[in-house]
Amino acid sequence: MMSLLVLKERLITIYQKIDVYAKPVIRFFMALVLFMVINSSYGYDSRFKSIPVVLLLSLFCAFLPIPIMIIIAAAISFFHFYFVSKILSILVVVVFLILYLLFARFTPKQGYVLVLMPICFILNIPYVLPILLGVIATPISIIPVTCGVFLYFFIAIVKQAAQITVTLSVEDTLQVYTYVIDSLKSNKEMILTIAIFAIVMLITYIIRTRKIDHAFDIAIAAGVVVNILVFLIGDLRLDIQDKIVTLVIGSLISGVLVYVIQFFRLTLDYTAVEYVQFQDDDYYYYVKAVPKMKITVPQKNITKINEKKVTADSVNIKELVKNELYDDYDDQDDISNYDEFDEYIDEDKKR
Amino acid sequence: MLDNNKIKLMTKLAIYEKNEGQEDVKLSKYYKTDFLRYQIIKTVVSVTISYLLVLLVVAFYRSEYLIQKAVELDYKAIGTKVLGIYIILLVIYLFGTIVGYSFKFDSSRKRLFKYRKNLKKLRQYYRNEENELK
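Not measured: the values here are computed from a predicted model.

## Remarks on the overall build of chain A
The helix and strand tally for chain A stands at 13 helices and two strands. Partitioning the intrachain contacts of chain A with sequence separation of at least 6 by distance along the chain shows that 69% fall at a separation of at least 24.

Set out below in structure tokens:
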């Protein structure tokens, strides 16, 4: 454990140094993996498969926000399917539009889940996302997860349909279309997966928000166990036996991955250094604000017989309680002054 | 002379302005009812468009059947059913929109209020400085 903590501290210092460059680089690799997965699974159009194009697009995505990356990925998918069958490509676009308008529009900050979900499915560890989002996010992320699962199964079906079109003549386009819709309608595995992921997310979220010791660890463990159990029941009822081994191993790997991410997130998330600039009458300020780190030096307690025991912990707790009291006071202050703030708006309007 | 406390305050304000502040300030230009109305319009438009798209997908899927029985279909019954589903969908989405965006608006206002409080403190700093000069 100690060596892990040391590693964490080191990673934090490195991260603080390279923070400015880290985000575009991460986005670049995310886009690269995404485009490569798309090309390898349904790369029908060879123009988009060439390495310079993929690299160029990834580079482009590195400096653009995630939604643009998703739009580019959707456009590439459209062109790939357009190359094989026009009707399929139109269907793909329509489904993307429906997904966006009805669901993804409400959770714009979690658009990356839509992209990550199919990739995790291909890597056989789709269980990472529901457990992770249960631990770090709110239940509203059920929406993007559901969309992601749907997207994966939909693309898989469209891929099968595209293979059929090769042998079919042009007149049979309607057949391809009905094949896709029929398979979507009868796909019980998809509905099962969506339901189970929702359950897993809710359970991890509920346990994580309880005020108990090791809430995070228990939540992750519970997520993994519930995931395996419910999937086993569901798979046995649907007679899908060949996936049980990958399910158990995938779930365990997912649990470990989530634990690792959670371990680093607890500090990494808060060590995001802020660069801000502002000015007053006399100076320009270029400020680099580094959040304070939690020091993990073990504390020694000295116990003296017949004397009152004072440990560092008890002092800390007192301070904590005090701070919390003050925080509460602040909040009350906010509410009582709320009217005053409303006056500000009126002032603005008068001007 | 550099005033550390003032720099700390200004840094806090600048960090807020850089992150959540941008959206909060945008929201602060609306009254709550106006903001909700705007979001409701957006929701109605998007739900209508996507419902039409779903209808298109279903109609094309059933096109063989529809063309075959084009004469004997009970269009009134189909129409009421389609309209009924649309209204149910719309009501669910409107409810979600109103609840969700009210919450968003209120929490943004609370953050903005803290920001204003800090701004007030900063103004106090300036006043004190002016008084010292006099």
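## A word on unusual backbone geometry
Residue and element names in this part refer to chain A. Phi is positive for N124, close to 70°, though the residue is something other than glycine. As for its placement among the helices and strands, N124 is situated in the loop between α5 (111-122) and α6 (128-136). Positioned with a positive phi, H214 is a non-glycine residue whose angle comes to about 55°. Tracing the chain through its elements places H214 in the loop between α9 (188-208) and α10 (215-238).

## Concerning the packing of helix α3 (residues 66-84) of chain A against helix α4 (residues 86-102) of chain A
Helices that pack against each other are described as a pair by the angle of their axes relative to one another and the distance between those axes. Residue and element names in this part refer to chain A. At their nearest, the axes of α3 and α4 sit 6 Å apart, and the two run at 155° to each other. Taken together, the axes of α3 and α4 are roughly antiparallel relative to one another. For the pair α3 and α4, the contacting residues are A74, S77, F78, F81, Y82 and V84 in the first and K86, L88, S89, V92, V93 and F96 in the second. Among the residues forming the contact of α3 with α4, the class breakdown is nine nonpolar, two polar and one charged.

## A word on the UniProt feature "transmembrane region" (unreviewed entry) in chain B
Residue and element names in this part refer to chain B. The feature "transmembrane region" (unreviewed entry), as annotated in UniProt, sits at residues 40-63 and 83-103 in this numbering. The span residues 40-63 is 96% helix and 0% strand, and its two end C-alpha atoms sit 34 Å from each other. Within the segment residues 83-103, helix and strand shares are 100% and 0% respectively, and the terminal C-alpha atoms sit 30 Å apart.

## Quick notes on the confidence of the model for chain B
All names here are of chain B. Looking at chain B, pLDDT values average 89 and 99% of them are 70 or higher. Here helix α1 (residues 4-28) stands out as the least confident element of chain B, with mean pLDDT 85; helix α2 (residues 32-61) is the most confident, with 93. Across the assembled chains, the prediction reports ipTM 0.81 with pTM 0.76.

## What to know about the interface of chain A and chain B
Taken together, the 20 residues of chain A in the interface contact 20 residues of chain B. When residues of the side of chain A that touches chain B are assigned to their parent elements, the largest contribution, five residues, is made by α4 of chain A. Its residues assigned to classes, the side of chain A that touches chain B comprises 16 nonpolar, one polar and three charged.

## Here we look at the UniProt feature "transmembrane region" (unreviewed entry) in chain A
All names here are of chain A. The sites that UniProt annotates as "transmembrane region" (unreviewed entry) are residues 20-42, 54-81, 87-104, 111-129, 190-208, 214-232 and 244-264. Between the C-alpha atoms that bound residues 87-104 the distance is 24 Å, and the span itself is 89% helix and 0% strand. The annotated region residues 244-264 carries 100% helix and 0% strand content, and the separation between its end C-alpha atoms amounts to 30 Å.

## A few points about the packing of α4 of chain A against α2 of chain B
Closest axis-to-axis distance for the α4 of chain A/α2 of chain B pair is 9 Å, and the angle between their directions is 150°. Regarding the angle of α4 of chain A to α2 of chain B, the classification is roughly antiparallel. Read as a crossing pair, α4 of chain A and α2 of chain B show a hand that is left-handed. Along the contact surface, α4 of chain A presents V94, L97, I98, L101 and L102 of chain A, while α2 of chain B presents S46, V47, I49, S50, L53, V54 and V57 of chain B. Here the residues of the contact of α4 of chain A with α2 of chain B sort into 10 nonpolar, two polar and no charged.

## Some remarks on α3 of chain A
Residues and elements named next belong to chain A. The terminal C-alpha atoms of α3, which comprises 19 residues, lie 28 Å apart, in line with the 27 Å expected from a rise of 1.5 Å per residue. Among the residues making up α3, those that are buried are M69, A73, I76, S77, H80, F81 and V84. Down the axis of α3, the smallest arc covering the buried residues is 130°, so these residues share one side. Among the structural elements, α1 (2-42), α2 (51-62), α4, α5 and α7 (142-165) are those in contact with the buried residues of α3.

## Concerning the nonpolar core
All names here are of chain A. Among the nonpolar cores identified, the biggest contains 60 residues, and L88, M117, L129, I131, V145 and V158 are the most heavily contacted of them. Here this core gets 11 residues from one element, more than from any other, and that element is α7. Residues contacting M117, with those up to four places away along its chain left out, are P126, L129, V145, G148, V149, L151 and Y152.

## A short note on the environment of F28 of chain A
Residue and element names in this part refer to chain A. Relative to the helices and strands, F28 is located in helix α1. For F28, a count of 17 C-beta atoms within 10 Å translates into the label partly exposed. Taking the C-alpha atoms as reference points, F28 and T173, 145 residues apart in sequence, are found 38 Å from one another. Discounting chain neighbours no more than four positions away, the residues touching F28 are S58, L59, C61 and A62.

## Quick look at the confidence of the model for chain A
Residues and elements named next belong to chain A. Summary statistics for chain A give a mean pLDDT of 80 and a share of 79% for residues scoring 70 or more. Taking the mean pLDDT of every element in chain A, the minimum, 46, falls on helix α13 (residues 338-350) and the maximum, 93, on α9. Segment residues 328-351: pLDDT under 50, and seven contacts once partners within four positions in sequence are set aside and those in other chains are kept.

Cut-off values and rules
Residues numbered from 1 in each chain as written. Chains lettered and ligands numbered in written order. Predicted model: local features only at pLDDT ≥ 70, side-chain atom pairs only at ≥ 80, totals over all residues. Helix = DSSP H or I, 4+ residues; strand = E, 2+ residues; numbered from the N terminus. Contact = placed C-beta atoms within 7 Å. Axes fitted to C-alpha atoms, helices over the stretch in contact; angles between N-to-C directions. Parallel < 35°, antiparallel > 145°, perpendicular 65-115°, else oblique. Nonpolar A, V, L, I, M, F, W, Y, C, P; charged D, E, K, R; others polar. UniProt positions renumbered as here; feature names shortened; annotations may be inferred. pLDDT = per-residue confidence, 0-100. Left-handed = near helix turned anticlockwise from the far one by under 90°. Expected span 1.5 Å × (residues − 1). Buried ≥ 20, exposed ≤ 12 C-beta atoms within 10 Å, placed from the backbone. Arc of directions from axis to C-beta. Core = buried A, V, L, I, M, F, W, Y, C linked by C-beta atoms within 7 Å.

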